[in-house]
Number of protein chains: 6
Amino acid sequence: MPYVNIKITDEDATSEQKAKLIEGVTRLLQDVLGKNPATMIVIIDEVPTDNWGIAGEQVTSRRRRGM
Amino acid sequence: MPYVNIKITDEDATSEQKAKLIEGVTRLLQDVLGKNPATMIVIIDEVPTDNWGIAGEQVTSRRRRGM
Amino acid sequence: MPYVNIKITDEDATSEQKAKLIEGVTRLLQDVLGKNPATMIVIIDEVPTDNWGIAGEQVTSRRRRGM
Amino acid sequence: MPYVNIKITDEDATSEQKAKLIEGVTRLLQDVLGKNPATMIVIIDEVPTDNWGIAGEQVTSRRRRGM
Amino acid sequence: MPYVNIKITDEDATSEQKAKLIEGVTRLLQDVLGKNPATMIVIIDEVPTDNWGIAGEQVTSRRRRGM
Amino acid sequence: MPYVNIKITDEDATSEQKAKLIEGVTRLLQDVLGKNPATMIVIIDEVPTDNWGIAGEQVTSRRRRGM
């Protein structure tokens, strides 16, 4: 029954990578908590680097600095 | 005053359907809780089917299987 | 399949009111979007009035002023 | 360490405005709570006006009425 | 850099189980996306069974029916 | 109209600090985006340190190590 929301920056995650995240998180919750996966929902949000800040700085600007 | 977030898969919901969801949820909260709707906010997120997983599987893949 | 999150202030909503919100939102999404309710999830968060601000003011303080 | 999510309507916020929101929120949390900003995350979501409701009405429709 | 929010019903998850979820999700994101875990945040919300609905019904009521 | 959600660890933030966060964020959004604060909502979530992970480790455990 758990619900999981994963937010990542929008930088070319492939459909295969998303499928792996969905599978992997669902299996983890099943293994650790023993939850039935039938109604388990995983939602991935891809956020533009301009809209994501770390330590007060846009990721866009961090990327320019090689971080 | 309530805040409501509705997440649906991004599969052609029309503007009229969204208007009905916003109206309907607002009225429901008013009816059940007696809340003043003036500052009630409803936000609808449309999520690509690749980014939504149920039971460990992408909705894209479920759709292909006719689910 | 939709996921709905309802946030209300923590001011004595009863279990029956929560049941009505869950039922009502689920039916609304089914009516408007034709979604199968089997995997539809509704989560209600009750937020202390000290932790909820409107127009820059805590709800606790608004309540004291009779709002 | 705090995490902040800001949701605004998708109406032409510039990259500079987003940078100011990220900087400003990070500084505010540091000033008020004394938190180390190194792992502080701010995420801005821009929501289409059709998908945002206030008082039961889409923002698209409010904008048409000059609100 | 990813941010993950896991919502589960509030039914006696132990501190060890939470530690495993946090470790496991962080490792998964690192493996699948190659992300640096240093600023990766995982937040677990435990939601009362009265406040969680599936298929229009409170989990409290589903539990009573043995589901 | 913006909506802001601030998540902090549950470590004795006072009501006055929360009031300052609510005021400060509301003013910031007004200054940067020119938004009307009347329908601006800020919600603060306080998360137990067992339920918050950074870099794959519970904050509870980081605190024990003096971080």
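First, a word on scope: everything that follows refers to the structure included in this document. (Residues numbered from 1 in each chain as written. Chains lettered and ligands numbered in written order. Predicted model: local features only at pLDDT ≥ 70, side-chain atom pairs only at ≥ 80, totals over all residues. Heavy atoms only, no water.)

**Overview of the overall build of chain A**
A count of helical and extended segments in chain A gives two helices and four strands. Starting at the N terminus and walking to the C terminus, you meet the elements of chain A as β-α-β-β-β-α. Over its C-alpha trace chain A gives a radius of gyration of 15 Å, far above what one expects of a compact globule, namely 11 Å for 67 residues. On the principal axes, the C-alpha backbone points of chain A span a range of 45 × 25 × 15 Å. Surface summary for chain A: the accessible area is close to 2700 Å², and the carbon and sulfur share equals 43%. The averaged location of the 10 negative side-chain charges in chain A is 5 Å from the averaged location of its 9 positive side-chain charges. (Helix = DSSP H or I, 4+ residues; strand = E, 2+ residues; numbered from the N terminus. Rg over C-alpha atoms; globule rule 2.2 N^0.38 Å. Areas by Shrake-Rupley, 256 points an atom, 1.4 Å probe, with all protein chains shown as cover. Lys, Arg positive; Asp, Glu negative; His and termini not counted. Charge placed at Lys NZ, Arg CZ, Asp CG, Glu CD.)

**A closer look at the packing of helix α1 (residues 15–33) of chain D against helix α1 (residues 15–33) of chain F**
Where α1 of chain D meets α1 of chain F, the closest approach of the two axes is 10 Å, and the angle between their N-to-C directions is 160 degrees. By the angle between their axes, α1 of chain D is roughly antiparallel relative to α1 of chain F. Viewed along their axes, α1 of chain D and α1 of chain F form a crossing whose handedness is right-handed. Note on element contacts: α1 of chain F touches α1 of chain D through Gln17, Lys20, Leu21, Gly24, Val25, Leu28, Leu29, Val32 and Leu33 of chain F, opposite Gln17, Lys20, Leu21, Gly24, Val25, Leu28, Leu29, Val32 and Leu33 of chain D. Of the residues that constitute the contact of α1 of chain D with α1 of chain F, the class distribution is twelve nonpolar, four polar and two charged. (Axes fitted to C-alpha atoms, helices over the stretch in contact; angles between N-to-C directions. Parallel < 35°, antiparallel > 145°, perpendicular 65-115°, else oblique. Left-handed = near helix turned anticlockwise from the far one by under 90°. Contact = heavy atoms within 4.5 Å. Nonpolar A, V, L, I, M, F, W, Y, C, P; charged D, E, K, R; others polar.)

**Points about the relation of the copies chain E and chain D**
Mapping chain E onto chain D calls for a screw motion: a turn of 180 degrees about the axis and a shift of 0.0 Å along it, with 0.0 Å RMSD after fitting. Such values leave the two copies arranged in the relation of a two-fold axis. Relative to the rotation axis, the C-alpha of Thr39 of chain E is the closest in chain E, positioned 2.7 Å from it. Here 100% of the interface residues in chain E have copies in chain D that are interface residues too; the copies meet face to matching face. (Least-squares fit on C-alpha atoms with pLDDT ≥ 70 in both.)

**As for the interface of chain E and chain D**
Interface extent is often summarised as the accessible area lost during association of the parts. With five residues of chain E at the contact, the number on the chain D side is five residues. Looking at the side of chain E facing chain D, the largest losses of area belong to Tyr3, Thr39 and Ile41 of chain E, adding up to 84% of the total buried there. Taken together, the links from chain E to chain D amount to zero salt bridges. Class assignment for the residues of the side of chain E that touches chain D results in four nonpolar, one polar and no charged. (Buried area = accessible area lost by both parts, 1.4 Å probe. Salt bridge = Lys/Arg side-chain N within 4 Å of Asp/Glu carboxyl O.)

**Digging into the arrangement of the chains**
Separating chain C from chain D is a minimum C-alpha gap of 13 Å, and the two share no contact. Here chain A and chain F are not in contact; the least distance found between their C-alpha atoms is 13 Å.

**Remarks on the interface of chain B and chain C**
Taken together, the 26 residues of chain B in the interface contact 26 residues of chain C. Approximately 2200 Å² of surface area, both sides summed, lies buried where chain B meets chain C, with 77% of it carried by carbon and sulfur atoms. Put simply, Lys35 of chain C and Glu11 of chain B hold a salt bridge, and the shortest N to O gap is 3.5 Å. Applying the counting criterion to the chain B and chain C interface returns seven residue pairs in polar contact (both at pLDDT 80 or more). Per-element accounting of the side of chain B that touches chain C gives the leading share, nine residues, to helix α1 (residues 15–33) of chain B. (Polar contact = N/O pair within 3.5 Å; in protein donor to acceptor, adjacent residues only side chain to side chain.)

**Comments concerning the relation of the copies chain B and chain C**
Superposing chain B onto chain C requires a rotation of 180 degrees together with a translation of 0.0 Å along the rotation axis, leaving an RMSD of 0.0 Å. Of all interface residues in chain B, 100% are interface residues in chain C too; the two copies therefore contact each other through one and the same surface.

**With respect to the pairing of strand β1 (residues 3–9) of chain E**
The buried fraction of β1 of chain E amounts to seven of the seven residues, a majority that puts the element mostly inside the structure. Both faces of β1 of chain E are covered, namely the face carrying Tyr3, Asn5, Lys7 and Thr9 of chain E and the face carrying Val4, Ile6 and Ile8 of chain E. Direction of pairing for strand β1 (residues 3–9) of chain A relative to β1 of chain E: antiparallel, over a ladder of five bridges. Bridge pairing in β1 of chain E links Lys7 of chain A to Tyr3 of chain E. Relative to strand β2 (residues 41–47) of chain E, β1 of chain E runs parallel, the two being bridged by seven bridges. Note on β2 of chain E: the bridge partner recorded for Lys7 of chain E is Asp45 of chain E. Note on the crossover from β1 of chain E through helix α1 (residues 15–33) of chain E to β2 of chain E: the handedness is right-handed. (Buried < 20%, exposed > 50% of the residue type's maximum accessible area, 1.4 Å probe, protein only. Pairing = 2+ DSSP bridges. Right-handed = clockwise from strand over helix to strand, strands pointing away.)

**Section: the packing of aromatic side chains**
Enumeration over the complete set of coordinates arrives at three aromatic pairs over all chains. With a centroid separation of 3.7 Å and an interplanar angle of 5 degrees, the aromatic rings of Tyr3 of chain A and Tyr3 of chain C are classed as stacked. Taken as a pair, Tyr3 of chain A in strand β1 and Tyr3 of chain C in strand β1 (residues 3–9) lie in two separate chains rather than in one. As far as the burial class goes, Tyr3 of chain A and Tyr3 of chain C line up, both buried. (Phe/Tyr/Trp six-rings, centres within 6.5 Å; stacked < 30°, edge-to-face > 60°.)

**Examining the sheet that holds strand β4 (residues 57–58) of chain D**
Across the sheet, eight strands lie side by side as β4(D)-β3(D)-β2(B)-β1(B)-β1(C)-β2(C)-β3(E)-β4(E); this open sheet has mixed pairing. Looking at strand neighbours, the two that pair on one side only are β4 of chain D together with β4 (57–58) of chain E, the edges of this open sheet. The pairing of strand β3 (residues 52–54) of chain D with β4 of chain D spans two bridges and is classified as antiparallel. Along β4 of chain D, the bridge assignment pairs Ile54 of chain D with Glu57 of chain D. With respect to the sheet, α1 of chain B is in contact with β1 (3–9) and β2 (41–47) of chain B, β1 of chain C together with β3 and β4 of chain D, its orientation differing from that of β2 of chain B by roughly 140 degrees. Sitting on the sheet, helix α1 (residues 15–33) of chain C touches β1 of chain B, β1 and β2 (41–47) of chain C together with β3 (52–54) and β4 of chain E, and the angle it makes with β2 of chain C is about 140 degrees.

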